[in-house]
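# A structural walkthrough
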Amino acid sequence: MERLGSGWSPADAFAPLAAACGDRLTVCRDGDVVRWSYDGRMVVVALRDDGSAEAAFVDRPLHDAVSCAPAVPVYRRAANADYTLDPSGCRRMVADMEAFFGGTREPRFAFSAAYEVPPAS
């Protein structure tokens, strides 16, 4: 694991993502969960006590042919799914977020789940 320098902050690693996405990137934090949203897609990052994080990559709703209803596909990183909260781990997470927001799916990400979108009331 790369050592944290006294001048390094995780915000440094995420600056390129913010620059690439501009005002359309939103960030919401609730305790140990951070949600990054861009263009209808979302990355949900859950921080762990051991200093790592896991991320779920949530796509836009799609039409599910089986249920005939909208469903939201969820992906996980295909290899080395957890991220360390050091400079190299944060850079890897940012690279994955940029790829996902840009439309990359398999083989970088593995399909994990799909959730049916409830009808609007």
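One structure accompanies this document, and this report is about it. This one's a predicted model, so the numbers in the text were calculated from it and none came from an experiment. Each chain carries its own residue numbering, running from 1 in the written order of its sequence. The model is predicted, so local features are restricted to residues of pLDDT at least 70 and side-chain atom pairs to those at 80 or more, both for listing and for counting; the totals for chains, interfaces and linings are taken over all residues. Calculated side-chain values reflect all of the structure's heavy atoms, with hydrogen atoms and water omitted.

## Here's the deal with unusual backbone geometry
Test applied: In DSSP terms, a helix is any run of H or I states spanning at least four residues, a strand is any run of E spanning at least two, and both are numbered starting from the N terminus.
Cis geometry marks the peptide bond from Glu106 to Pro107, where omega comes out at 5°. Within the secondary structure layout, Pro107 lies in the loop between α2 (87-101) and β8 (109-116). Even without being glycine, Asp39 reaches a positive phi, approximately 55°.

## Observations regarding the pattern of salt bridges
As a reminder of what qualifies: We define a salt bridge as a contact between a side-chain nitrogen of Lys or Arg and a carboxyl oxygen of Asp or Glu at a distance within 4 Å. Partly exposed describes any residue whose relative accessible area lies between the buried limit of under 20% and the exposed limit of over 50%, with all areas from a 1.4 Å probe on protein chains only and scaled to the type maximum.
A complete count under the given rule lists seven salt bridges for this structure. One salt bridge connects Arg48 with Glu54, and the closest N-O pair in it is separated by 3.2 Å. Residue classification places Arg48 among the partly exposed residues on the basis of a relative accessible area of 31%. Salt bridges sharing common partners tie together Arg41, Asp59 and Arg105.

## Side note on the nonpolar core
Spelled out, the test is: Among buried residues, those of type Ala, Val, Leu, Ile, Met, Phe, Trp, Tyr and Cys that are joined through side-chain atoms within 4.5 Å constitute a nonpolar core. We call two residues in contact when some of their heavy atoms are within 4.5 Å.
Phe14, Leu17, Trp36, Val43, Phe57, Met97 and Phe101 are the most contacted members of the largest nonpolar core, which totals 23 residues. It is α2 that provides the largest number of residues to this core, a total of seven residues. Look past the residues within four positions of Phe14 in its chain and what remains in contact with it is Trp36, Cys90, Met93, Val94 and Met97. Formed by five residues, the second largest nonpolar core is a distinct cluster that contains Ala56, Val58, Val74 and Ala113.

## Topic: the packing of aromatic side chains
Note on aromatic pairs: each is described by the distance of the centres and the angle between the planes. As a reminder of what qualifies: Stacked, edge-to-face and tilted labels apply to pairs of Phe, Tyr and Trp rings (six-membered ring for Trp) whose centres lie within 6.5 Å, assigned for plane angles under 30 degrees, over 60, and everything in between, in that order.
Counted under the stated rule, the structure contains eight aromatic pairs. Centroid distance Phe100 to Phe101: 6.3 Å. Interplanar angle 55°. Geometry classified as tilted. One exposure class covers both Phe100 and Phe101, and it is buried. The buried category is assigned to Phe100, whose relative accessible area is 0%. Ring pairing ties together the aromatic residues Tyr38, Phe57, Tyr75, Phe100, Phe101, Phe109 and Phe111, which thus form one cluster.

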